[in-house]
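Structural characterization, general
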Amino acid sequence: MKVILFSLAMLGNHSLIPVSDRVPELKIEVLCKATSETDKAMGLALAQSDADCMRDERAAQQQLGTIWTATRPAVRDSCEGEAVSGGAQSYVDLLTCIQMTDTANALASTTPLRGASKNRNKQ
C-alpha cells in the first residue's frame, strides 16, 4: 500500500520531472504552409515562400541549439509554451522569446539611472 501511495505521489509531483536538455521538436511545416498561403491570399508584394519560412525556422532551431542548455528551465518552459500556443509551432518565436527574456533580465539587473539633480554634487 505504501508503495502505491509513494508512486502516486511521485507521479503527481511535476517538479521532479526533468526539463529536457534538448530543443523541442516542433512541427514547423504546418506554420510555414499557412504563413505562405496567408501572405499570398493577402496579396503581399513580399510574400514569404514556404521554402523561405522553413529556412528561417531551421536557422532559429540551430541558434537555439547553442543557447538551450544555458537558458534557465523556467524560461525554456515559458517560452516553449508561448511558441506552441494557438496551434502554431515556431522556432523563431521560441528563440525570440528567450532572447527577449534574457534582455529583460539583463536590464532589470542593472542599477537604475539617476536623473540630473542640483543637490547631488552638494552631498
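Figured I'd write up the structure that's included with this text. Given the structure is predicted, the values throughout are model-derived calculations rather than measurements.

Looking now at the state of the cysteines. Under the counting rule described, the total for this entry stands at two disulfides. One disulfide in the model links Cys-32 with Cys-53; its S-S distance is 2.1 Å. With the S-S dihedral at roughly -75 degrees, the linkage between Cys-32 and Cys-53 falls on the left-handed side. Of this pair, Cys-32 sits in helix H2 (residues 28-41) while Cys-53 sits in helix H3 (residues 50-67); the two residues are 21 residues apart in sequence, bridging distant segments of the chain. Judged on exposure class, the residue Cys-32 and its partner Cys-53 are both buried. A sulfur-sulfur distance of 2.1 Å marks the disulfide that ties Cys-79 to Cys-97. One disulfide, between Cys-79 and Cys-97, carries an S-S torsion of -70 degrees and so falls in the left-handed class. Here Cys-79 is found in helix H4 (residues 73-83), whereas its partner Cys-97 is found in helix H5 (residues 91-109), with 18 residues between them in sequence. Classification of Cys-79 as buried rests on a relative accessible area of 1%. When its relative accessible area of 8% is taken as the criterion, Cys-97 is described as buried. The connectivity of the disulfide-linked cysteines in the chain, indexed sequentially, is 1-2, 3-4.

Reading guide: rules and limits
- For every chain, the first residue of the written sequence is number 1, and numbering continues from 1 onward in sequence order.
- For a predicted model such as this one, the threshold for reporting local features is a pLDDT of at least 70, and the threshold for listing and counting side-chain atom pairs is 80 or more; totals across whole chains, interfaces and linings nevertheless cover every residue.
- To obtain the side-chain values, all non-hydrogen atoms of the structure were included, while hydrogens and water were left out.
- Two cysteine sulfurs form what is called a disulfide whenever their separation falls within 2.5 Å.
- A run of H or I in DSSP becomes a helix once it reaches four residues, and a run of E becomes a strand once it reaches two; helices and strands are each numbered from the N terminus.
- Only protein chains enter the accessibility calculation, which uses a 1.4 Å probe; a residue whose area is less than 20% of its type maximum is buried, one above 50% is exposed, and one in between is partly exposed.

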